[in-house]
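Okay, here's what each chain looks like letter by letter:
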Amino acid sequence: MKNKSQKPNRLRLGLGSLGLILLTTVAIPAAQAQDVGQQAIVHRIPAGVLGTAISRLGDSAGLQILYPADLVRGKRTNGISGQFTPQQALDRLLDGTGLVYRFTEPNTVTIIDPTAANGGVAADGSTLLDTISVTTAKNRIATLGGLADEDANYRTPGSSAFLDEQKVQRFRGSSAGDFIKGTPGVLTGDNRNSGAVDVNVRGMQGFGRVPVVIDGTVQQNTVYRGYSGVASRNYVDPDMIGGAVIEKGPSASVYGVGATGGLVRMETINAGDIIKDDKNWGVRVRGGMMGNMSSPPAVGTPGGYAPMSKSRFISGCNWACTIEPIPDNLLSGSASGMDRPAFLAPKSGSGSVAFAARNDMLEVVAAYAKRKNGNYYAGTRGRAPELTQTSDRIIRPGRPGRPEQITDYTVFSLNGLNRYRAGEEVLNTSQDNTSYLLKSKLELDGGHIFDLSYMRYHSMFGEMMPSVILRFDGATQAPLSEVSVDTYRAGYKWNPEENDWIDLKANIWMTDTDTHILTPYAFSFGNGVTMDIPQAYWDIAKRYGTDIVNTSELTTAWGDLGISFGGSFVYETIEPPSGRVNIDSNDLLASRDGWRKEASAFTAAEWKPLDWLKFDGALRYTWTHSYDNNSNYGSTLHNEEMNSGWAPMISATIEPWDGVQFYTKYAEAIRSPSLFESTTGFSFDTSPLVGVRPERSRNKEIGINLLQEDLMLPGDKLRFKASYFNNDVKDYLSRTNYPNVSVRNIDRALFRGFEASVGYDVGWGYFDLGGTIYDKTEFCTEQRAGLTCLPSGIPNGYAQMHLPPRKSATLTAGVRMLDDALEAGGRLTYVGSRGSMTTAETGGFTTVVNWEKYTLLDLFASYKVNDSVNIDVAIDNVTDVYYMDALTLGLMPSPGRTFHLNMTAKF
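Here is what the cut-offs are and how they apply
Residues numbered from 1 in each chain as written. Predicted model: local features only at pLDDT ≥ 70, side-chain atom pairs only at ≥ 80, totals over all residues. Heavy atoms only, no water. Phe/Tyr/Trp six-rings, centres within 6.5 Å; stacked < 30°, edge-to-face > 60°. Helix = DSSP H or I, 4+ residues; strand = E, 2+ residues; numbered from the N terminus. Buried < 20%, exposed > 50% of the residue type's maximum accessible area, 1.4 Å probe, protein only. Arc of directions from axis to C-beta. Contact = heavy atoms within 4.5 Å. Salt bridge = Lys/Arg side-chain N within 4 Å of Asp/Glu carboxyl O. Pairing = 2+ DSSP bridges. Patch = residues over 30% accessible without salt bridge, like charges linked within 9 Å, V, L, I, M, F, W, Y side chains within 5 Å. Areas by Shrake-Rupley, 256 points an atom, 1.4 Å probe, with all protein chains shown as cover.

## Digging into the packing of aromatic side chains
No. 1: Summed over all chains, the structure comprises 19 aromatic pairs.
No. 2: Ring geometry for Y724 and F754: centres 5.2 Å apart, planes at 55 degrees, overall tilted. Linking Y724 in strand β40 (residues 717-730) with F754 in strand β43 (residues 748-761), this pair joins segments that are 30 residues apart in sequence.
No. 3: For F754, a relative accessible area of 43% gives the class partly exposed.

Right, dumping it as structure tokens:
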């Protein structure tokens, strides 16, 4: 809040006696009033109003910054982006403003005008008016939008994660979703197939359960993946990401509609990420290369060992018997795919260029990115498939009229995680992406900001339906599929400097996604009959959305109060491409065809009656209406669904000591059936005669936060969080096979466990350790035998595809050297096994890949050559482990040892 007092009555008396004196002083409290030292941390503060920028710096750096409010009125800053000490950050923020600063205490800074008689500050450095404390409620209430900082998770009720641009680039990996890996409780589903991002938060995934919001827009498109499931896809190039926040569990933000699992908010790069220091324009050029890849082979090229419908093949027979034919590539594997390039050989690459310019009113950004990755190669250490053979003999006793029969045969067994050999090229993992970004922002007096943006993403990528890989024809290079996403957005913000009642944000946007998947679907039967169907799936998905939210902040006799309220509306359609008849054919699967409307209104509040006590609450109402333009198979009826409901949230935080918090949180969220679930198509039929209800997430979480500085050494920082979560989802929506194969509500789904993270940073070195343990997962559904509860899934359902490993943990550690110019470190990741599943838990449609536990080591280093050039080096999977990612749907091993080299230059 801009003008909040720790002593409200005293403040009112003081202001009344002073009358026309408008001098106020801003103080941003630190977690502890101790010296922050010279520790450099990452700041991402955009250009804009100086007072706002100073508040953000004080919050992120742990500084108490004092200044008369009149001193900064009407002044602007060019912002900062990067790693700076407090002194460096202040120098850059105040550059060009005519103001200077000085440290009056180890953790207190006073800003003054050196040309004024006293700058509003007494000779001893104290202000001429009692200090007015300004809390950062606007940063704490989740409804406000914008990105947080790396400490936010350790000072708020609930769990979240912040990924700045540095982390995104450091762990960008070989696939689009790799930058999310290592976040406790968060995974990317089917990460190696398609080049998209499908986020799983604590077991909840797909159909909008975890909305991915990019600059306030949503593009998520659910795609048919054969009988083995579906995928909810989001597309963005890592070079365009300026930062991301992941909220775990229901969100109170305007974007939290349907977020029964969590919420991911990303912001694209802005001028502060491109322009150096206080310049008016700048150019950022980034280029990279990557090893362990090669260009995709010709369409139809087989890979790995041949599929085996039986565990034995007869290879020899010395008496009358039938000899089963042995596939050509059973004994030796495919004739191609074993030409893995040298470790340092650059076989793929990426490049981007971004331009930005700004002045006191206008800011523009233009960026272009190109990424071309070939098929990657699997690792060599681990359970790669092995073909074993044993000899045996069958003796059939003779009988009258038939002599004794002796049959010698050989049993061939294929053991291992899947059919790709160690070090083999993994087909259909290539990407050829092109991205464009245009942004502009106009900032006027009175706190008015207008912005426009356009982003285009186009990709030619390889993928295979999991059911194809698992079943008949094995691994085959498919034609490249294609997707294009166009995103349009216009936004408005109004935040008058002298009005705590108004902090208004409004957006209107549209996303247009064209998805064309080309997947050969060949079946080879034991009687020699083959069925080769060059199937494709093609749809056009569009979303039109608008949202608005306002935040008001009050200082009352009963404590500080922040209130936000707003709403959103989204209209989405899915249909076949123009000119195509929406029927089944041998070259095109029937596209879903329908529309869906969703409106939501919410209010959220934060009340801090005492310095050590805080309450948060929210209430959301959601209404949806969907219609299926296709009639149900065997019927003339069209499925139409209307749902609505309320979802409350409440939390309490106690802070008995500075930087030590205990919290408890209860949050609900409802999700009505998505457009994919409400329309007829492959995977299941909707039933117009059976209404479905919204699934309702009832999330409970209790935890402790610890955020301390100067704990053991000057300038150090300790972060710790431990939490217990229980997400009980009533009326969980899933495909079921009873009484028929369609989307229905099951009784409930449960995800329960513990999560913890700890980090320590001493300036020259740091470590972060985090992990998740699930102590119970359960899915309860009505079957012929009555209510049945299973720990791993639903017969023929999708739930088992999203079930995370029971245990996972990540340790990241590094050191900073050469005056912080060089940073080097590593990441150790452990992912537990999925565990076995019975046929009762999977059914005949959803064959599940039981990946095995794995441990990975990644290394990274970053060297700042000078103020303009930075070089990043990384080695993923240093020990070349042969493994499959958690939540992999098909038999696709993950990348082996891979070398990355990237350079970023700013001019």
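## Focus: helix α4 (residues 86-94)
No. 1: Listed in full, the buried residues belonging to α4 are P86, Q87, A89, L90, L93 and L94. Seen end-on, α4 carries its buried residues on one side only, within an arc spanning 160 degrees.
No. 2: Taken together, the buried residues of α4 touch β2 (41-45), α2 (50-61), β5 (76-77), β6 (80-84), β7 (100-105) and β8 (108-112).

## Concerning the pattern of salt bridges
No. 1: By the definition in use, this model includes 42 salt bridges.
No. 2: A salt bridge links R202 to E701; the shortest N-O distance between them is 3.2 Å. You can see R202 sitting in the loop between β12 (199-201) and β13 (212-214) and its partner E701 sitting in strand β39 (residues 695-709), a full 499 residues away along the chain. The pair R202 / E701 is uniform in exposure class, with both members buried.
No. 3: Here D616 ties to K614 by a salt bridge, and the two come within 2.7 Å at their closest N and O atoms.
No. 4: Accessibility expressed as a relative area gives 16% for D616, which makes it buried.

## Quick look at the sheet that holds strand β18 (residues 262-268)
Adjacent strands of a sheet pair through backbone hydrogen bonds, lying either parallel or antiparallel.
No. 1: Reading across from one edge, β10-β17-β18-β13-β14 is the order of the five strands in this open sheet, with mixed pairing throughout. Edge positions in the sheet fall to β10 (159-164) and β14 (217-218), since each of these pairs with one other strand and no more.
No. 2: As paired strands, β13 and β18 are joined by three bridges and run parallel to one another. Bridging across to β18, V213 finds its partner in R265.

## Overview of the environment of L707
No. 1: Along the chain, the position of L707 falls in strand β39.
No. 2: As a C-alpha pair, L707 and Y760 span 53 residues in sequence and 10.0 Å in three-dimensional space.

## Examining a nonpolar patch on the surface
No. 1: A cluster of nonpolar side chains, contributed by W764, V815, M817, L818, Y863 and V865, occupies part of the molecular surface with about 570 Å² of accessible area.
No. 2: Considering the arrangement of structural elements, one finds Y863 in strand β48 (residues 854-864).
No. 3: The exposure class assigned to Y863 is partly exposed, which follows from its relative accessible area of 35%.

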